[in-house]
Amino acid sequence: MTLLTIGDLSARSGVAPSALRFYEERGLIHSVRTSGNQRRYERGELRRVSFIRIAQQVGVSLERIREALSELPERRTPTKADWTRLSARWRADLDARIALLERLRDTLDGCIGCGCLSLQSCKLYNPGDELAAQGPGPRKLLS
């Protein structure tokens with residue numbers, strides 16, 4: 001089995017070695033140590049790092065990422081079935097995030113229901129800050 005150095009994993013994943021060490025400290029990825037105490041990573045860790053990187057870019061917290069990765073086997077490379085099971089659990093959350101991003105894209109130039117009343121159109125969309133009765137934050141965007 002070919003093991004990757006931290007430099008190899010960094011180069012292939014696009015993640016800085018310092019971030020890889022951080023991920024390892026948090027239990028997101030795992031390495032083995034050589035007799036000289038150098039980190040070596042199994043190739044399957046590359047998939048985990050890629051998953052972490054993408055999940056972070058869409059706003060998933062490291063804690064949620066860690067929880068998801070903890071469901072995958074540690075002592076073997078996750079199979080397609082393992083990744084399919086993990087992705088099925090995330091589907092609803094990702095669909096909700098996609099819907100929110102679409103609403104943001106489509107309404108950010110108009111009233112989002114934040115109550116700022118600084119835009120002329122807010123007087124039309126949210127007169128008298130009526131949406132405040134629904135709760136704090138950008139009510140039109142969050143609903």
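Our subject in this report is the structure included herewith. Being a predicted model, the structure only gives us computed values, none of them experimental.

Helix length check: helix H5 (residues 80-107), at 28 residues, gives a terminal C-alpha distance of 38 Å against a target of 40 Å (1.5 Å per residue), a fit within 8%. By the largest-angle criterion, Arg91 marks the main kink of H5, which is about 45°. Along H5, the residues that are buried comprise Asp82, Trp83, Leu86 and Trp90. Packing partners of the buried residues in H5 comprise helix H3 (44-57) and helix H4 (62-70).

The sheet contact formed by strand E1 (residues 3-5) and strand E3 (residues 39-42) spans three bridges and is antiparallel. Considered in E3, the bridge of Thr5 is made with Arg40. Note: strand E2 (residues 32-33) against E3, two bridges, orientation antiparallel. If you follow Val32 over to E3, its bridge partner there is Arg40. Taking the residues that link successive antiparallel strands as the turn, the E2-E3 hairpin has five residues, and the phi of Asn37 there is positive, at about 65°.

Definitions and cut-offs
- Residues numbered from 1 in each chain as written.
- Predicted model: local features only at pLDDT ≥ 70, side-chain atom pairs only at ≥ 80, totals over all residues.
- Heavy atoms only, no water.
- Helix = DSSP H or I, 4+ residues; strand = E, 2+ residues; numbered from the N terminus.
- Expected span 1.5 Å × (residues − 1).
- Bend = angle between axes of the 7 residues up to and from the residue.
- Buried < 20%, exposed > 50% of the residue type's maximum accessible area, 1.4 Å probe, protein only.
- Contact = heavy atoms within 4.5 Å.
- Pairing = 2+ DSSP bridges.

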